[in-house]
Amino acid sequence: AKKDDQDAIKLLVEARKFLKDYYEKNKIPLGKVQDGSFMQQGPEFEVPEDQAPDADFSGKGSRKGQAKGIVSLMTMIIEDLNDEIKNAMTAEEKAQLAFEKQLATAEALKEDLEKKV
């Protein structure tokens, strides 16, 4: 499971870098990307609600808000996977220490019983 998580992190980091590089190369501002803290934006209205929309066609930067969300989502997934690896390593260490303690107790009991025989 740890290797799968590490592989997923590597893949997500590469995908996130590729997406960010695309937007930087084409000079499309993404704005502030979420770095693990909860960030939510409300809608921005620059025209009155009753005004008809213009018939403008979108350019290459028209989806920058969605890309920013994707980059933020990738960042959160990477952080979650890193936390999962860290928690698994901590749990494994605790389990190993408990095993070693029980093994030492069993060996001491075995020696004690062998002395009585």
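Provided above is the structure to which this section pertains.
A few points on the structure. (Residues numbered from 1 in each chain as written. Predicted model: local features only at pLDDT ≥ 70, side-chain atom pairs only at ≥ 80, totals over all residues. Heavy atoms only, no water.)

## Quick notes on the pattern of salt bridges
Quick note on the threshold: Salt bridges are counted wherever a side-chain nitrogen of Lys or Arg sits within 4 Å of a carboxyl oxygen of Asp or Glu. Helix and strand assignments come from DSSP, with helices taken as H or I runs of at least 4 residues and strands as E runs of at least 2, each series counted from the N terminus. Note on exposure labels: buried denotes an accessible area under 20% of the residue type's maximum, exposed denotes more than 50%, and partly exposed covers the range between, all computed with a 1.4 Å probe on protein chains only.
What the rule picks out here adds up to three salt bridges. With a shortest N-O distance of 2.7 Å, Lys17 and Asp21 are connected by a salt bridge. Linking Lys17 with Asp21, this pair stays in helix 1 (residues 2-25), spanning four residues, or about one helical turn. Given the relative accessible area of 52%, Lys17 is considered exposed. The partly exposed category is assigned to Asp21, whose relative accessible area is 32%. For the salt bridge of Asp112 with Lys116, the shortest nitrogen-to-oxygen distance reads 3.9 Å. With Asp112 and Lys116 both in helix 2 (residues 64-116), this residue pair falls four residues apart, about one helical turn. The class of Asp112 is partly exposed, set by a relative accessible area of 35%. Residue class for Lys116 comes out exposed when judged on its relative accessible area of 63%.

## Examining helix 1
Our working definition: In a helix, the anticipated span is given by 1.5 Å times the number of residues less one.
The end-to-end C-alpha separation of helix 1 is 34 Å, in line with the 34 Å expected for 24 residues at 1.5 Å each. For helix 1, the complete set of buried residues consists of Asp5, Ile9, Leu12, Arg16, Leu19 and Tyr23. Following helix 1 by one or two positions, Lys27 adopts a phi angle in the positive range, close to 55 degrees.

## A short note on the side chain of Asp5
The line we're drawing: Just so you know, the count uses Lys and Arg for positive and Asp and Glu for negative, and it drops His and the chain ends. The criterion used for residue contact is that any of the two residues' heavy atoms lie within 4.5 Å.
Tracing the backbone through its elements, the reader meets Asp5 in helix 1. One buried charged residue, Asp5, forms no salt bridge at all, with the nearest opposite charge on Lys2 at 9.6 Å. If near-sequence neighbours (up to four positions away) are discounted, Asp5 is found in contact with Leu81, Glu84 and Ile85.

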